[in-house]
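Each chain, written out:
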Amino acid sequence: MDVKVSTLADRPDLVEPVFAMADTWPEFVTQDPVGNAHYGRIATEFPQYALAAQDERGEVVAHAFSVPFALDAEGRGELPARGWDQVLVWAFSDLRRGVTPDTVSAISVVVAPHAQGAGLSGRMLTAMHDNAAALGHRQVVAPVRPNAKHLEPRTPMREYARRVRPDGLPQDPWLRQHARAGAAVESVAPASMTVAASLEEWRSWTGLPFDTDGEVEVPGALVPVRVSLAHGHAVYVEPNVWMRRVF
């Protein structure tokens, strides 16, 4: 598939089509309150870090969002345990306070369902790295959501992230794409995203009964969801894998 990749800074007319594009995220993943508060702001407040791909007809078929932040700022220095949530908070806090960023974090790469299987995710990831370098950054980090981890939700993420193929590349397909783009596994972010909601909400998102206490496996979840019938709530704390590329 031939695509043209543009930043939303250059093509603000693509903001609406980007957000109108279909995706395949599990419904519960879109309910993270930090993400809901910040994700939609990237296109307008960091448009130079938001990429959109159009096919031959001009249809938006993929997008890739990243954010700049100051990793070496006082009190930081290490990639955070709260992963995806934390870099979003840091990026917008730094923007508000006028702090100069030194690092770019990947936030998402999304490919329209009908365009999947054509290698667009890897191409968008490479475009994100190239864009960060063109903007003068020296490194890109990513709190990666391994896309096959949901098949074994009870495997510890640290164990899963260490698995490699005979060629030395990660066994997980999405970790492998990041490795091919030049990134290396650095650590695990054990609480990269948190979704806490009532059992009624979880039932509506998943179609599952949520009628037992303890750990419940949910399709698309990387780890089990913890259910408390007494409190009428369930909590999902998603681990991600930190990967880093230094230019």
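Relevant structure appears above.
Rules of the game
Residues numbered from 1 in each chain as written. Predicted model: local features only at pLDDT ≥ 70, side-chain atom pairs only at ≥ 80, totals over all residues. Heavy atoms only, no water. Salt bridge = Lys/Arg side-chain N within 4 Å of Asp/Glu carboxyl O. Helix = DSSP H or I, 4+ residues; strand = E, 2+ residues; numbered from the N terminus. Buried < 20%, exposed > 50% of the residue type's maximum accessible area, 1.4 Å probe, protein only. Arc of directions from axis to C-beta. Contact = heavy atoms within 4.5 Å. Phe/Tyr/Trp six-rings, centres within 6.5 Å; stacked < 30°, edge-to-face > 60°. Axes fitted to C-alpha atoms, helices over the stretch in contact; angles between N-to-C directions. Parallel < 35°, antiparallel > 145°, perpendicular 65-115°, else oblique. Left-handed = near helix turned anticlockwise from the far one by under 90°. Nonpolar A, V, L, I, M, F, W, Y, C, P; charged D, E, K, R; others polar. Polar contact = N/O pair within 3.5 Å; in protein donor to acceptor, adjacent residues only side chain to side chain.

**Observations concerning the pattern of salt bridges**
By the definition in use, this model includes 15 salt bridges. In this structure, arginine 145 engages glutamate 238 in a salt bridge whose closest nitrogen and oxygen atoms are separated by 2.9 Å. Highlighted residues: arginine 145 in the loop between β5 (139-144) and α6 (157-162) and glutamate 238 in strand β9 (residues 233-246), separated in sequence by 93 residues. The same class applies to arginine 145 and to glutamate 238, which are both buried. Salt-bridge contacts for glutamate 200 lead to arginine 203; the nearest nitrogen and oxygen are separated by 3.9 Å. Taken together, the residues span about one helical turn, with glutamate 200 and arginine 203 both in helix α8 (residues 199-206) at a distance of three residues. Salt bridges sharing common partners tie together Arg154, Glu215, Glu217 and Arg226.

**Re α8**
Every buried residue of α8 is accounted for by Leu199, Trp202 and Trp205. Down the axis of α8, the sector holding all buried residues measures 125°, keeping them to one side. Facing away from the buried side of α8 by over 90 degrees, the exposed positions are Glu200 and Ser204. Against the buried residues of α8 lie β6 (184-198), β8 (225-228) and β9. At the exit of α8 stands glycine 207, carrying a positive phi of roughly 75°.

**Topic: the packing of aromatic side chains**
All chains considered together, the criterion is met by nine aromatic pairs. With a centroid separation of 5.2 Å and 85° between ring planes, the pair formed by phenylalanine 28 and tyrosine 236 is classed as edge-to-face. Here the residue phenylalanine 28 occupies a position in the loop between α1 (15-20) and α2 (33-38), and tyrosine 236 occupies one in strand β9, the gap between them amounting to 208 residues. Tyrosine 236 carries the same exposure label as phenylalanine 28, and that label is buried. Joined through ring pairs, the aromatic side chains of Phe28, Trp202, Trp205, Phe210 and Tyr236 make up one cluster.

**Brief notes about the packing of helix α5 (residues 120-134) against helix α7 (residues 173-180)**
Packing of α5 against α7 brings their axes to within 10 Å, and their N-to-C directions diverge by 40°. Of the possible angle classes, the one that applies to α5 and α7 is oblique. Two packed elements cross with a definite hand, and for α5 against α7 that hand is right-handed. Facing α5, whose interface residues are Ser121, Gly122 and Leu125, α7 presents Trp174, Gln177 and His178. Of the residues assigned to the contact of α5 with α7, the class counts are two nonpolar, four polar and no charged.

**Points about the side chain of arginine 145**
According to the relative accessible area criterion, arginine 145 is buried, its value standing at 17%. Side-chain polar atoms of arginine 145 contact the backbone oxygen of glycine 220, separated by 2.9 Å. Non-local contacts of arginine 145, meaning those with residues more than four positions away in its chain, are made with Trp25, Phe28, Val29, Trp174, Gly220, Ala221, Leu222, Tyr236, Glu238 and Asn240.

**Concerning unusual backbone geometry**
Positive phi values are uncommon outside glycine, yet phenylalanine 210 reaches one of about 45°. Relative to the helices and strands, phenylalanine 210 is located in the loop between α8 and β7 (214-216). A relative accessible area of 3% means that phenylalanine 210 is categorised as buried.

**Looking at the environment of arginine 158**
Tracing the chain through its elements places arginine 158 in helix α6. With relative accessibility at 52%, the residue arginine 158 sits in the exposed group. Arginine 158 sits 148 residues away from aspartate 10 along the chain, and the two C-alpha atoms are 40 Å apart.

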